[in-house]
Structures are given as C-alpha cells and as structure tokens.
Amino acid sequence: MPVEPLICADTATRVSSVLNRDVKQFGKKHMFDASEETCWNSDQGTCQWVTLDFPRTVKVSQLHIQFQGGFSSRLCTLEGCRAGEELVKICDLYPEDINAMQRFQVEETVLDKLKVTFENSTDFFGRIVVYHLGVLGERL
C-alpha cells in the first residue's frame, strides 16, 4: 500500500505557543499550507510541541519536517495513541539545524493522535520555526 499524506482539513491541530500570539502571521495553519513564505513560529520557552488529532485511525510511517536554520530542534520526540488512551513514546528523531526538508522513517504505528515534542532548540530562547510538517502513512 503506498504512503499518502495523512494531515487533512479535518485533522485537529494544537501547538504549544505562537510568537507574540500573532496567529495570523505565525499560526499553526502555516505548517500545512505548502507555502515557502509562511511558517509556524513558537514563542520562547523549552519543549515546544504540536499535536495532531486525525479524523480517523491512521498508520504512521514517515515524518517530514522543514525548520528554519537556527530555530530548529536537535531532538524531536514522537508520541501517539488510539482514541481514549494515554500517549506512548514511538521514537526519538535527531534533525539537523538546516533549512532543507528532512524526512524520517518511523516505526509503523497505528494511532488516532500524534504529538511531536521539540526539545533542545538551537535557538537560545527556545523558539522553534517550522515551515512544513508532514505525516505520511495509511488511512485505516
């Protein structure tokens, strides 16, 4: 079965923070708009995160992420769960501090909710800037 993008208009997303609460300019929607001009920019602080609640159960196999160099995460922790369950750790990813799209294979996991936690920011103030976040796999 070929992998496909799993984030859609019905995927409920949440983020830990938005720079200066300016959701129009730096909001979470910009991670998914396929524009190279827009991004999600977190406010300062340790451990920024994104959660994705999928409208139906999915099997995740890949994560694609594009940071702004200087505002990336040296460690991303993926956690997931089925509806009504507690999050469990899936894996740790170690992105580079670069502007290019980075693609990670992850252990295939069936879930309804995914949380990506950005730890160990390359920015002194703990800010994270993400231009693109993609989750690929199968819809079940």
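Up top is the structure.
Counting starts from 1 at the beginning of each chain's written sequence and moves along it residue by residue. Side-chain atom pairs in this predicted model are given and counted only at pLDDT of 80 or more, local residue features only at pLDDT of at least 70, and totals for whole chains, interfaces and linings cover all residues. Side-chain descriptors were evaluated using all non-hydrogen atoms of the structure, hydrogens and water having been removed beforehand.

Caption draft 1: Seen up close, the environment of serine 61. Secondary-structure assignment places serine 61 in strand 4 (residues 48–67). Distance from serine 61 to glutamine 102, taken between C-alpha atoms, is 14 Å for residues 41 residues apart in sequence. When sequence neighbours within four positions are dropped, the list of residues in contact with serine 61 reads Val3, Phe104, Gln105, Val106, Glu108, Leu136 and Gly137. Strands here are runs of E lasting at least two residues and helices are runs of H or I lasting at least four, both read from the DSSP assignment and numbered beginning at the N terminus. Two residues qualify as a contact provided that any one of their heavy atoms is within 4.5 Å of a heavy atom in the partner residue.

Caption draft 2: Here's a closer look at the pairing of strand 2 (residues 12–15). Accessibility here uses a 1.4 Å probe with only protein chains present; expressed as a share of the type maximum, an area under 20% marks a residue as buried, one over 50% as exposed, and anything in between as partly exposed. Of the two faces of strand 2, the one lined by Thr13 and Val15 is fully buried and the one lined by Ala12 and Arg14 carries no buried residue. Any two strands with at least two DSSP-identified bridges between them are counted as paired. Across 4 bridges, the pairing between strand 2 and strand 4 is antiparallel. Opposite valine 15, over in strand 4, you have valine 50 as the bridge partner.

Caption draft 3: Focus on the nonpolar core. Among buried residues, those of type Ala, Val, Leu, Ile, Met, Phe, Trp, Tyr and Cys that are joined through side-chain atoms within 4.5 Å constitute a nonpolar core. In terms of nonpolar packing, the biggest core is built from 33 residues, with Trp40, Phe54, Leu78, Leu114, Phe118, Val130 and Val135 touching the most fellow members. Contributing elements (two or more residues each) for this core: strand 4, strand 5 (73–81), strand 6 (88–93), strand 7 (102–121) and strand 8 (129–139). Considering every element that reaches this core, the biggest residue donor is strand 4, with 8 residues. Setting aside residues up to four positions removed in sequence, leucine 114 forms contacts with Val50, Thr51, Leu52, Phe54, Leu78, Glu79, Gly80, Ile90 and Val135.

Caption draft 4: Representation of the packing of aromatic side chains. Here the aromatic set is Phe, Tyr and Trp, taking the six-membered ring for Trp, and pairing holds for ring centres within 6.5 Å; pairs whose planes are under 30 degrees apart are stacked, those over 60 apart are edge-to-face, and all others are tilted. Across all of its chains, the model carries 3 aromatic pairs by this definition. Both rings, one in phenylalanine 124 and one in phenylalanine 125, keep their centres 5.2 Å apart while their planes meet at 85°; by these two values the pair is edge-to-face. Given the relative accessible area of 76%, phenylalanine 124 is considered exposed. Here, a charge over a ring is recorded when the distance from Lys NZ or Arg CZ to the ring centre is within 6 Å and its angle to the ring normal is within 35 degrees. The aromatic ring of tryptophan 49 is capped on one face by lysine 115, whose charged end is 5.3 Å from the ring centroid.

Caption draft 5: Quick peek at the pairing of strand 8. The buried fraction of strand 8 is high, at 8 of 11 residues. Strand direction decides the pairing type here: strand 1 (residues 4–5) and strand 8, joined by 2 bridges, are antiparallel. Its bridge partner being in strand 8, proline 5 is matched across the sheet by leucine 136. Pairing geometry for strand 3 (residues 40–41) and strand 8, over 2 bridges, is antiparallel. Bridge assignment links asparagine 41 to a residue of strand 8, and that residue is valine 129. As paired strands, strand 4 and strand 8 are joined by 9 bridges and run antiparallel to one another. When the sheet's bridge partners are listed, histidine 64 is paired in strand 8 with glycine 134.

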